[in-house]
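# Reading the structure
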Amino acid sequence: MSVKAFELVPAVERDLLMGDKARINIECIECCGKHLYVGTNDCFIHHFLLDEVTSAKGKLSYSSQKLLHKYLGLKKPVAELRAASALERLIVLCDGIVFLVDMVTLETVPSAAGGGAKIRGVAAFCINENPVNGDPFCVEMGILSSKRRTVQIFMVYEDRVQLVKEVGTPEQPCAVSVDGYFLCLALATQYMILNYNTGASQDLFPYNSEERRPIVKRIGREEFLLAAPGGLGMFANAEGVSQRAPVNWSESVIGAAVCFPYVVALDESFITIHSMLDQQLKQTLSFRDGHILQDFEGKVILASTKAVYVLVPLPLERQIQDLLASHRVEEALILTEGAQRNIPKDKFQILHKRILQQAGFIQFGQLQFLEASEHFRKGQLDVRELISLYPLLLPTSSSFTRCHPPLHEFADLNHLAQGDKDKVLRCKKFLISYLGEVRSTEVANGCREDVDTALLKLYAEQDHDSLLDLLASDNACLLADSIPWLEKYHKYFALGLLYHYNGQDSAALQLWIRVADGDLQDPTRSDLYEYVVDFLCSCSNLDLVWQYADWALQKDPTIGIHIFTKRPVSKDWPQLNSDDVISYLGKHVQAQLLYLEYLVLERRIQKEKFHTHLAVLYLERVTMLLSQSPIDEAQLSSARDRLQALLRESNLYRVQILLGKMENCEQLLLERATLHGKLEEHDKALHILVHKLRDFRSAEAFCIWASSCRDSAYQQQLFHLLLGVYLDGNRPGKSQAAAAAAGGDSGDLEMAAVDLLNRHGEVFDAVRVLRMLPEGWSLQLLRPFLGRAVRASVHACRTSQIALGLANSENLQLLHDRLKERKKPIFVSEKKGCHLCHNTFSEPDVVCLPGGVPVHTQCVAQRVRDSPTKRLLTNSTNHT
Amino acid sequence: MPEASKMKKPDVKVVLLGDMNVGKTSLLHRYTERRFKDTISTVGGAFFLKQWGPYNISIWDTAGREQFHGLGSMYCRGASAVILTYDVTNWQSLAELEERFLSLTDTAHHGCIYAVVGNKADLTDSKAQLSQDSDGVSEDQIQEEMTKPQVLSACPTPPASPASLSGMSLNKQVTREDAMAFYGRILRYKGLEEKGSLPAEKMCFETSAKTGYNVDTLFETLFDLVLPSILRNRNENLQSPTVDLEECRGAGSKRARSTCC
């Protein structure tokens, strides 16, 4: 609970003052620089020179040397002593008289005016430390009269005193302090503030001065410390307002002083020290026969009846360290921050940071991670201090050494946790989250490698998911240091990522392949093989691709081929030469096929070589399947579908080669027909389809396919060709095939012809068809065809009529528009006359002569008839 | 002497007054630390600085004990808001407010506002038992009460309530109406017109520091109400005839004691 804020150091021992004279007591003291004056009850003033001596250990002590002592000759105790160093005078109160003595000789100063610089009837006096008078060789003094209820303000000069003001008080004052114009007074029953300039007063609070000795202590500009009822130390400013919470003293406080940030108070047997920052009692020192406690220019001096002591404040840093040593983090921080104004800014910042860091470590040791991280952050802790607590986390190459003096008491995490595994785990989890937070901030500047490597090690050890994220993103993990660690925890996949990040793709691949092959165990990715394929797919080093493609293809050609087929196509990415790939894939037939499919079907590369190669491969596969027994129908049909689709859709492969390859194969007639179609040998194709395959549907489909990119005339020609084939085959004796076929066969062709006509009637030229058809066919048989043909013809007729009509009306419209643009309307009315016959108009129909002159139609006709040689241009329009 | 640290200067002052054990410190704790903890009897006083928007509000927690009574008027000096706190289970605590504490507010700022707060509502009111902070003031009911003509006695007599004396059950001894009547008497004591002042239903609260019931509402309502006071204070300071010595402080401040050795 206690802080060691002060140390009590003896200054003047009893021997030096009164020796063994038992009745002599100290009455008052004054200290001015090194000069200490002591007033005794036997009317002596003793003058000492006080020297600070610091021992080798840094311990402070005082050596005092007696310079002089002087009997004042009044036989009464010296009640008060005050130095006015600028005047080289001591102001002395003795026997109710204030007078001046020389600071050096202690001789009474004779008055310049002869009357003596003396004030009589004085109960107490005080010096204004914040004087309103600008004269540096003059001291302002407040005096309480022992008889009257007044306060007198005097100016003290070298050899005289001058009364400048006298103010009355409502009661007899017994203690006074002054600051500027403000007197702070303890009256018999209360404290008050009195402005001696304006006479304005302000009651503070009641206090019985008979019961307890009042204390009125100026502690700063317009602020006073007062002893209040209940043993309180109250603060009050000149306005009568308390701006700080009170401190809790004992009831019998004799004296008090402020030595920032502490309030020091003396009672009969103790010195108590409270903090002004949190009002808490910080230190208690035992002190018997305490008599006087006063502060002189920041130095707190105490006296018992026989000896003088100095209360030496310990250096702030030491106090803070003491607090930290007893784990009182909050108090240490309050003290540090409270001292901010007393320390130069840059020095404070360094101190504050260090205290924050130490506080953080204390809380860390108590596993209060939230608070600890807050303090680490605020204190801008070098994270390596924290990392270095964890054995082996810092890379061996790290140049870090812990700061000295150490920020904490822990050797390492094991020391901190004392074998508690749960504690270790929690600390590790904290470090993970803390490093994760700071690694991207400026705290990690300059030690990014250490931070990232430590984080990697923790992730690996704790089997943390973020390991992969760390490695996949921008990081500074040190490879050499991480390898053994990752291997230890079987994080081979992660290690591969790190190799990759460091540009060692080959090492990464070797490692991954060993994992994929089961030589090494790392369950991180069950789809590592696919990952490797993806990796090769986007690998910019083509040598690596060639090196490891073999492995991938052997393992699974359908996925392995992705290396070549899924490669991103982009100009600035190294590309593989397709020809090289195809030749490389020579030993992986399936993969080669997939690759060609990729080139031809997916990328639509228009190269004869690939198309032919793919077609040949398809064909080979079909032939292979055909040669098997039993034939796998499903596979065969899918293989044939692919072959047929390619044959139909590609125009680049070399038809003759393929045709040559399947010439003898009677099972691939459909394919042959397609090839013939490609060569525009439609008769051969149709012959195969109709006579060999007897597949009339396919024949029709062939016609549609073969004419798909051509005009309707070409299509018509093809259909007529097919119809011809049907009908020719129907004529006995004409065709070999038909001859070979039986009677039922010719019926089939006939029906096919009928179906063809009925289904695709609109394609045919009906007239030509009717000429070709055998006479004997019934009308009923061809009814759908004929119906459609007639309808098509009528439709065509009407369509053309509509088109004609529309064209006419468009023309008319254009004429109208032209007229409107070029001419104004021509008005025709019953009152207007015709220019030719001079009769009025009775009908709206008129003829306009050039120049827009309307005339009767019959008049124009008359005129034209009358002069046939003349050609008149007329525009006939209706205008109303 | 090292110069005392200059604290962040508060713009406005709020003071908690009330008899001992009514829960002033607990109220402040609940508001500032968001929790209820055991407190010991406050010695002298304590204060807390609250940042409210751009302003600093100092909240003074005073000691309720008779011994420290004399200090009250000093704490109240220049206050912009005074929170008069009583214990809803203790009639005497309301009576004490009127007898002892009201006169302490004489030193407060002339535009000071007053809130009458009945703490420990969780002991009597189920509504206050769980709620962390809900505004459960039923306005109409209050309006009704206010329109009733009321005989304003100087000190109302406590209702007979033997149960509370036995300590067996904690009956509500002070109703909200009693508090509002007291508020009316505060205005009269201050010589303020009821019409021109803040209405009683707005300035009387029942709170529970234990559950947090109404605590935030209390402080935040007050802070919002004292904002005009802050602005006024700032304006006054601008025109203040007092010379700020801190600003004028020059070389001459330490003349009297300038040492030569």
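Only a predicted model underlies this, so the values are computations on that prediction, with no experimental measurement involved. Sequence order sets the numbering: in each chain, residues are counted from 1 along the sequence as written. Going through the entries in the order they are written, you letter the chains from A and number the ligands from 1. For this predicted model, a pLDDT threshold of at least 70 governs which residues receive local features, and a threshold of 80 or more governs which side-chain atom pairs are given and counted, while totals over whole chains, interfaces and linings are taken from all residues.

## Observations concerning the overall build of chain B
Looking only at helices and strands, one finds 10 helices and six strands in chain B. Buried, partly exposed and exposed are defined by the number of other C-beta atoms within 10 Å of a residue's own C-beta, namely 20 or more, between the two limits, and 12 or fewer respectively, with C-beta atoms placed from the backbone. By residue count, 39% of the 261 residues in chain B fall in the buried class. Two residues qualify as a contact pair if the distance between their C-beta atoms, derived from the backbone, is within 7 Å. Within chain B, counting contacts between residues at least 6 apart in sequence, those at least 24 apart form 77% of the total. Runs of E in the DSSP output that reach at least two residues are strands. Runs of H or I that reach at least four are helices, and both are numbered from the N terminus.

## Some thoughts on the overall build of chain A
Counting its regular elements, chain A contains 31 helices and 30 strands. Across the 880 residues in chain A, those meeting the buried criterion constitute 37%.

## Things to note about the packing of helix α2 (residues 316-325) of chain A against helix α3 (residues 329-338) of chain A
Residue and element names in this part refer to chain A. Angular values range over 0 to 180 degrees, each being the angle between N-to-C directions of two axes fitted as lines to C-alpha atoms, with helices fitted over their stretch in contact. Packing of α2 against α3 leaves a shortest axis separation of 8 Å and a crossing angle of 165°. In terms of orientation, α2 lies roughly antiparallel with respect to α3. Viewed along their axes, α2 and α3 form a crossing whose handedness is left-handed. Contact with α2, carried on its side by Q319, I320, L323 and L324, involves V329, E331, A332, L335 and T336 of α3 and no other residues of that element. Orientation is classified from the angle alone, with under 35 degrees giving roughly parallel, over 145 giving roughly antiparallel, 65 to 115 giving roughly perpendicular, and any other angle giving oblique. Crossing handedness is read from the near helix: turned anticlockwise from the far helix by less than a right angle, it gives a left-handed crossing, and turned clockwise, a right-handed one.

## Some words on the packing of α3 of chain A against helix α4 (residues 345-365) of chain A
Residues and elements named next belong to chain A. Closest axis-to-axis distance for the α3/α4 pair is 10 Å, and the angle between their directions is 175°. With respect to α4, the axis of α3 lies roughly antiparallel. The segment α3 lies against α4, with V329, A332, L333 and T336 engaging L351, H352, I355, A359, I362 and Q363. Amino acids are sorted into nonpolar (Ala, Val, Leu, Ile, Met, Phe, Trp, Tyr, Cys and Pro), charged (Asp, Glu, Lys and Arg) and polar (every other residue, Gly among them). Across the contact of α3 with α4, the residue classes tally to seven nonpolar, three polar and no charged.

## Let's talk about the confidence of the model for chain A
All names here are of chain A. Per-residue confidence from the predictor is given as pLDDT, running between 0 and 100. Mean pLDDT over chain A: 84, with 95% of residues reaching 70 or higher. Below a pLDDT of 50 lies the segment residues 733-743, which in the model reaches 10 contacts outside its immediate sequence neighbourhood of four places, other chains included. This model gives residues 871-880 a pLDDT under 50, and the stretch forms 15 contacts once residues within four places in sequence are excluded.

## Description of the pairing of strand β11 (residues 139-145) of chain A
Within a regular strand, side chains alternate between the sheet's two faces. Residue and element names in this part refer to chain A. Most of β11 sits out of view: seven of its seven residues are buried. Residues V139, M141, I143 and S145 line one face of β11 and the alternating positions E140, G142 and L144 line the opposite face, and both faces are buried. At least two DSSP bridges between two strands are required for those strands to pair. Pairing analysis gives five bridges linking strand β10 (residues 122-127) to β11, with the strands arranged antiparallel. The partner of F125 across the bridge, within β11, is I143. Connecting β11 to the antiparallel partner strand β12 (residues 150-156) that follows it, the hairpin turn spans four residues.

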